[in-house]
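Chain by chain, the residues:
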Amino acid sequence: MEANFMENLNLTIDGNRLWNRLMAFGKIGEGDNGGVTRTSFDQKDIEARKFFLKLLEQADLSPYMDAAGNIFGQIIGKNPELPAILIGSHLDTVNSGGRFDGAMGVLMGVEVLCTLKEKGIQPERTIKVVSLTDEEGARFDYAFVGSTALVGTEGSGKLKENLAAATDKDGNSYLEAMKQASLEGEYFNEINPDLLEQAQLGKNDLKAYIEVHIEQGKVLENKDLAVGIVTGISGGEWAEVTIMGEAGHAGTTWMKERKDALTAAAECIVAIEKIAQDNIGSVATVGKLEVKPGSSNVIPGRVDFTLDVRDISNERREKTVTQIYHSIRTIAANRGLGCEIRQVQSLSSVMSSPIVMKAVKDSLQELQYPVYELPSGAAHDAMVLGELTDIGMIFVRSKSGISHHPDEWSSFEDVALGCEVLFRTTLKLL
């Protein structure tokens, strides 16, 4: 269906230019297995930032960077006092991730602005494209840094405090990494964790934020559709849990005498799974586990694990989290062990703005393409920016629903159609 549709569709945007840029960005941080690694403020992330800034310069889109490291390009509107339209996503990746997640949405924003300039359209309001700092949180286990700085809900002091506490596997703090990046000069001089409040936007600065992203699921593929309209984004609770037992010799400590932190953690993980299953709509994941002292002949004395709980319903997610925390504490107490639960981040779910959804729907109908709506189980910057302005998202089909993996793939046709829908949606919001 899509092949015939695309053959008959006269694209406004330049699909080949968009695709070539997307493939070029996919080479930055590419590993031997084809996976892409660009974690926040590492050398490949900085290389991608420089490449993006050069692209914005060449496109005459007046690039600039803010104190949080967010990178903007823009077309100033006839009436710059009007709230602006912001299009974007992120350029950072998970470790050995794909080339579409994040980067596709940023480069689509560039393509929309380039098309406007080439057609001689000066919009009434300013339109901007943004690459937001660290959506993934892959290096420091702390995500949504750029969008959080723009919204300012945590306050610059609290955000700075969290960034000081966040460290990578080598013990480098987020603040140290930001300060090191600022030494790159030129645009990077603006990065300043001591002045994060300067990145904050006001309620009247934006009319809407639009983000295009791969679906990271199989719904669109199963429906044989290239694009869909996102109805809302699941909120999330992220925490770190420590179970404290007592290390001992594996051969000389009787089973009834043991205070094994790992068996307690295992019981906690099974309980987490059961609680999420019972609260239908919630999902819970333990994705990282560290056992100490980590020797085959020593009873584990301490276990640290991560917890990720998500749900489109804020009320149900809070219920699930409360039950999980209670279960962890009960399991530890019943075994005579200690436990500590540290909340890392908590973000409310957000529903897409009817105004933006209508613009996307009208664009699809204009193209005579089926309209299909679906929620997002994955978190996105749009979820954070929903506290500041009207938001909307467009999903593009991802082959086999694969994401955060070297095999992540979306076809040229699907990407081009997604960008065409974004362009027409943007015009309707200007």
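Residues numbered from 1 in each chain as written. Predicted model: local features only at pLDDT ≥ 70, side-chain atom pairs only at ≥ 80, totals over all residues. Heavy atoms only, no water.

This next bit is on the state of the cysteines. Going through the model one piece at a time under the given rule, you end up with zero disulfides. Looking at Cys-268, it has no disulfide partner, and the nearest cysteine sulfur is the one in Cys-339, 7.4 Å off. Here Cys-419 is not disulfide-linked; the sulfur of Cys-114 is the nearest cysteine sulfur, at 9.9 Å. (Disulfide = S-S within 2.5 Å.)

This structure, assessed with the given rule, holds two cavities of 30 Å³ or more. Roughly 60 Å³ of volume is contained in the largest cavity. In terms of lining residues, the largest cavity is bounded by Thr-148, Ala-149, Gly-152, Thr-153, Glu-154, Gly-155, Ser-156, Leu-159, Leu-196, Glu-197 and Gln-200. Residues belonging to the lining of the largest cavity are distributed by class as follows: three nonpolar, six polar and two charged. (1 Å grid on protein atoms, 1.4 Å probe; cavity = no way out; pocket = protein on both sides within 12 Å on 5 of 7 lines; lining within 4 Å. Points joined across faces, edges and corners; volume = space filled by probe spheres on them. Nonpolar A, V, L, I, M, F, W, Y, C, P; charged D, E, K, R; others polar.)

What follows is about the pairing of strand 12 (residues 302–311). Counting buried positions over the ten residues of strand 12 gives seven, a clear majority of the element. In terms of strand pairing, strand 7 (residues 235–244) meets strand 12 through ten bridges, oriented antiparallel. Looking at the pairing, Glu-237 lines up with Val-309 of strand 12. Where strand 9 (residues 283–285) and strand 12 come together, three bridges link them in antiparallel fashion. Counted as the bridge partner of Val-283 is Arg-310 from strand 12. (Buried < 20%, exposed > 50% of the residue type's maximum accessible area, 1.4 Å probe, protein only. Helix = DSSP H or I, 4+ residues; strand = E, 2+ residues; numbered from the N terminus. Pairing = 2+ DSSP bridges.)

Looking now at the side chain of Thr-320. Checked against the element boundaries, Thr-320 lands in helix 10 (residues 314–334). Within the local environment of Thr-320, its side chain forms a polar contact with the side chain of Asn-279, the two groups lying 3.2 Å apart. (Polar contact = N/O pair within 3.5 Å; in protein donor to acceptor, adjacent residues only side chain to side chain.)

The next thing to look at is the nonpolar core. Within the largest apolar cluster, 104 residues are counted, with the highest numbers of intra-cluster contacts made by Phe-52, Met-104, Met-108, Val-112, Leu-163 and Val-227. The element best represented in this core is helix 4 (residues 103–118), accounting for ten residues. Core analysis: the second largest hydrophobic core is formed by 22 residues, Ala-239, Val-309, Ala-332 and Ile-341 among them. (Core = buried A, V, L, I, M, F, W, Y, C linked by side-chain atoms within 4.5 Å.)

Below, the discussion takes up the packing of helix 9 (residues 261–278) against helix 10. Look at helix 9 against helix 10: their axes get within 9 Å of each other, and the N-to-C directions meet at 155 degrees. Regarding the angle of helix 9 to helix 10, the classification is roughly antiparallel. The chirality of how helix 9 crosses helix 10 is right-handed. Contacts between helix 9 and helix 10 involve Ala-264, Glu-267, Cys-268, Ala-271, Ile-272, Ile-275 and Ala-276 from the first element and Thr-320, Gln-323, Ile-324, Ser-327, Ile-328 and Ile-331 from the second. Among the residues making up the contact of helix 9 with helix 10, the classes are represented as nine nonpolar, three polar and one charged. (Axes fitted to C-alpha atoms, helices over the stretch in contact; angles between N-to-C directions. Parallel < 35°, antiparallel > 145°, perpendicular 65-115°, else oblique. Left-handed = near helix turned anticlockwise from the far one by under 90°. Contact = heavy atoms within 4.5 Å.)

Glancing now at the packing of helix 3 (residues 43–58) against helix 4. Orientation of helix 3 relative to helix 4, taken along the N-to-C sense of each, is 10 degrees, at an axis distance of 11 Å. As judged from the angle between their axes, helix 3 and helix 4 are roughly parallel. In this structure, helix 3 meets helix 4 at a crossing whose hand is right-handed. Side by side, helix 3 and helix 4 meet where Phe-52, Leu-55 and Leu-56 of the first sit next to Val-106, Leu-107 and Val-110 of the second. Residue composition of the contact of helix 3 with helix 4, by class: six nonpolar, no polar and no charged.

Moving on, we come to the environment of Leu-388. The topology assignment puts Leu-388 in the loop between helix 12 (381–385) and strand 16 (390–396). With a relative accessible area of 8%, Leu-388 lands in the buried category. Setting aside residues no more than four positions away along its own chain, Leu-388 makes contact with Leu-150, Val-151, Leu-201, Gly-202, Lys-203 and Leu-206.

Bringing the environment of Ile-355 into the picture now. Mapped onto the secondary structure, Ile-355 falls in helix 11 (residues 354–366). Ile-355 has contacts with Asp-390 and Leu-429, leaving out every residue within four places of it along the chain.

Spanning 16 residues, helix 4 covers 22 Å between terminal C-alpha atoms, matching the ideal 22 Å at 1.5 Å per step. Of all 16 residues in helix 4, 14 are buried; the element is thus mostly enclosed. Once helix 4 finishes, Gly-120 follows within two positions and takes phi at roughly 70 degrees, a positive value. (Expected span 1.5 Å × (residues − 1).)

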